Amino acid sequence: MADVLHHLRYALRIALKTPGVSSLAILALAIGIGANTAIFSLANAAFFRPFPYPHADRLAFLWQSNERTGEVEGRVSYPNYADWRAQSQSFEDLAFFTSGKSVFAGVGDPERIMGTLVSSNFFSVMGVSPMSGRVFSSDEQRSGHANVIVISYKLWQSRFGADPHVIGRTVDFGQDHNTIIGVMPPGFSFPNEADLWIPRIVSEFMQKKARQYPNLQVVGRLKPGTSWRQAQTEMDTIGKRLAQEYPAIDGGVGVRIVPLREQFSGKVRQGLILLWCAISGVLLIACLNAANLIVARAAGRQKEIAIRLSLGASRGKILKQLLYESLVLAFAGAGAGLLLASTIVSLAGRLNPEIAKLSGSIFDLRVLAYTLALTLLTALVCGVLPSLSFSRLELNHSLKNSSAGGVAPSTQAMRGVLIVAEVSLAFVLLVGSGLLVRSLWKIFAVSPGFDAGHALTLHVYWPNAPVNSTANQQRNAAFNDLIERLRALPGVTSVGATSNVLFPGEVYKVPFVTDNQSAESPGQRPFLPHGEATPGYFRAMGIPLLRGRFFEERDSAPAAQASSIAGTATEPVAIINETMARHYWPESDPIGHKFRFDDPNFKSPWFTIVGVVGDVRQEGLEKSAGLMAYLPSSGDWGNDLVIRSTNDPGLLASAMREQIRAVDKNLALDNMRTISDLLSQHELQRQFNTLLLGGLASIALLLAALGIYGSVSYWVKQRTREIGIRMALGAQRTDIFEMVVGRGMALILLGLGFGLVGALAATRLMSSLLYNVSPSDPVTFIAIALLLALVALLACYSPARRAIKIDPLEALRYE
């Protein structure tokens, strides 16, 4: 212990004796360790933190894949779910659920919250029991039973004040009155932060005729001792069996098993892996930077080390001392790094809601252990690298050299190698960041098919709306009144509504047939995504009309289309997008042509096409527009309103709320936001990855610049006497300037050469994250090379300026 304390005291004295070098080394290590700890804390939450379910490692989602549509995580029809459950031997049990928001009323103000329709065995599959009350019985999944509901612990506290007598109370959710029968324990909110659960009624239609209507999500619990590979093999066999039995519907349909953790971390997994690789590069640059500074400092102690060796000190003892010195710097950097890590996680949570869900306590034992291991590894790297430069120290050369400026060739070579490595790694990170920036720029340069400026959207919903023709008429009249009230607000130019404004989790798709389509088997017909829209929707969204007309008030809504066949309403009409028109009527005008939905269970009318509108990238800017049809809106249960104004639509929020309350005080609304925000939010993950990688690349650039500056500055300091001699012998200031800058830039160019090779290899691994940009994009590579060269030149400039200001007389007296 006395020996340890002696080495630590000496290491502290050395650190304090050279505060500039020590501060730069600590700053570099704090950035590297802090950023690495921040990313690991998020990865820890995404990949390692336990779920609040027993044996969660045996839970998985089961998705339906479809070769025809290209879906890999499609929803499942009830008959397929029932067959999977009956035939599978790898799972203890399978359960299904569907989630969605609806209006919760009966306690406080009406509010749209997340509810989940589940099978009666859902909670047993999840392995969770209620905190109070009970869960659903199998009888409650059949028609004719009383409506029951299980609420979350969070809802029990927020809306019921943790009332211990809540069991038996009646509340409204959607169009039903429900009796509370149970409260789930704290932490359980599966899936998607659900607030309540309701048993899904399994009708006769679902059991016998709904195989071609996949609308369920399935979760299963694997049997102990069964591997995921075995389960996947068995489900593949079951999928092939169903495809043979029902070729028209299940042909090309398979089963994909996704473990629970992989499913929940999927949205951030790719980004975190990318960032973890990048942050490892930043840490390595920080270590190289600190090692370079330590080598530079140790070069000034070359004579001291030579004297200690000549007096009998072993090289092992010298190495030990250098390791202690790097250990002091590493722990100082780790302390500052933990503070930086906390700040990074907090900022990341504000930028990305998915990250905010992961950012729990950063200082758990696993994160602290990782930081400690990282600090020790960093100290080892920073200590060993400098020691290598003295492993072949020539004692005679060092002892005979009376100047502090005499630096051994091995030391000079080591510092050069470190600078080259820093520049190479910084170049790789900067190129990766540049490619993502170029990709994001190209995405936002894509026209979405609508005008996102000066438009706002919000969702409105009628709670407890009875299902009958009189109520529908009253509701539609109130909805039309609301649209007129909003249209009358100052600055509003158009108001419309749709069943789903943009970027839904899924668009409702049904097989369809056109009036000029060749006969095909039902299972081979294409699927047509479609939605509802009011006459003012297209103008409010700024979607251009290419042919025909928009909807008019006289056009029949889907609710009236069944009766339109008997002639009691106008002819059913539809508007299609340009892609559908070009695909099915390439040589003729689609106006006047017809299509119908290929539904064997319902009588679908023929819809007459009255208009063609521009393509809207409904599923994201990076995805090409597919087929899309719009039907007149019924406005039955809820709609996304779109309001366009001449000014900032956000200024109308208060006035819009007043008009909504004037129409119906129980009318619920949420998701009020501008279309621009909605568009930006859809690309949030890509923006987040680009921003963070760009930040890490900027840090790498800063560290490289600091390393270059520190190394060149120390090189100038070590050669003060040599520079003085050169100037005394007639060297011009420009010669000295070129010598200093030339030495630094030679190392930079060498680093760029190695970095180019590394970047060409590394960027191919991120090709899936790029949009319309080649991984070897020459514009990005050239721009980054010029940027790095410019920064390096600026880093060399200040030391070079100091060098030319050296007084030869003072330099000659320098020792």
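Everything that follows concerns the structure shown earlier in this document.
Overview of the structure. (Residues numbered from 1 in each chain as written. Predicted model: local features only at pLDDT ≥ 70, side-chain atom pairs only at ≥ 80, totals over all residues. Heavy atoms only, no water.)

## As for the overall build of the chain
Part 1 of the argument: Along the chain, the regular secondary structure elements total 26 helices and 21 strands.
Part 2 of the argument: With 815 residues in all, the chain has 52% of them scored as buried.
Part 3 of the argument: Within the chain, counting contacts between residues at least 6 apart in sequence, those at least 24 apart form 81% of the total.
Part 4 of the argument: Of the roughly 36000 Å² that the chain leaves accessible, carbon and sulfur atoms contribute 57%. (Helix = DSSP H or I, 4+ residues; strand = E, 2+ residues; numbered from the N terminus. Buried < 20%, exposed > 50% of the residue type's maximum accessible area, 1.4 Å probe, protein only. Contact = heavy atoms within 4.5 Å. Areas by Shrake-Rupley, 256 points an atom, 1.4 Å probe, with all protein chains shown as cover.)

## Quick look at the environment of Ile-419
Part 1 of the argument: Inspection of the secondary structure puts Ile-419 in helix H15 (residues 409–445).
Part 2 of the argument: Take Ile-419: its relative accessible area is 4%, and that puts it in the buried class.
Part 3 of the argument: The spacing of Ile-419 and Ser-711 is 292 residues in sequence and 8.1 Å in space, taken between C-alpha atoms.
Part 4 of the argument: Residues contacting Ile-419, with those up to four places away along its chain left out, are Asn-292, Gly-707, Ile-708, Ser-711, Leu-747 and Ile-748.

## Overview of the pattern of salt bridges
Part 1 of the argument: Evaluation of the coordinates by the stated rule reveals 13 salt bridges.
Part 2 of the argument: The partner of Arg-134 in a salt bridge is Glu-140, and the shortest N-O contact between them spans 2.7 Å.
Part 3 of the argument: Relative accessible area serves as the criterion here: at 37%, Arg-134 is assigned to the partly exposed category.
Part 4 of the argument: By relative accessible area, Glu-140 is classed as buried at 9%.
Part 5 of the argument: Glu-571 is the partner of Lys-594 in a salt bridge, and the nearest nitrogen-oxygen pair spans 3.3 Å. In this pair, Lys-594 is assigned in strand E17 (residues 594–597) and Glu-571 in the loop between helix H18 (558–564) and strand E16 (573–577), connecting sequence segments 23 residues apart. (Salt bridge = Lys/Arg side-chain N within 4 Å of Asp/Glu carboxyl O.)

## Examining the side chain of Arg-221
Part 1 of the argument: By the secondary structure assignment, Arg-221 is in strand E9 (residues 217–222).
Part 2 of the argument: Despite being buried, Arg-221 has no salt bridge partner; Glu-92 is the closest side chain of opposite charge, sitting 4.4 Å away.
Part 3 of the argument: There is a polar contact of 3.0 Å between the side chain of Arg-221 and the backbone oxygen of Pro-54.
Part 4 of the argument: There is a polar contact of 2.8 Å between the side chain of Arg-221 and the backbone oxygen of Val-125.
Part 5 of the argument: Look past the residues within four positions of Arg-221 in its chain and what remains in contact with it is Pro-54, His-55, Arg-58, Leu-59, Phe-91, Glu-92, Asp-93, Val-125, Met-126 and Gly-127. (Lys, Arg positive; Asp, Glu negative; His and termini not counted. Polar contact = N/O pair within 3.5 Å; in protein donor to acceptor, adjacent residues only side chain to side chain.)

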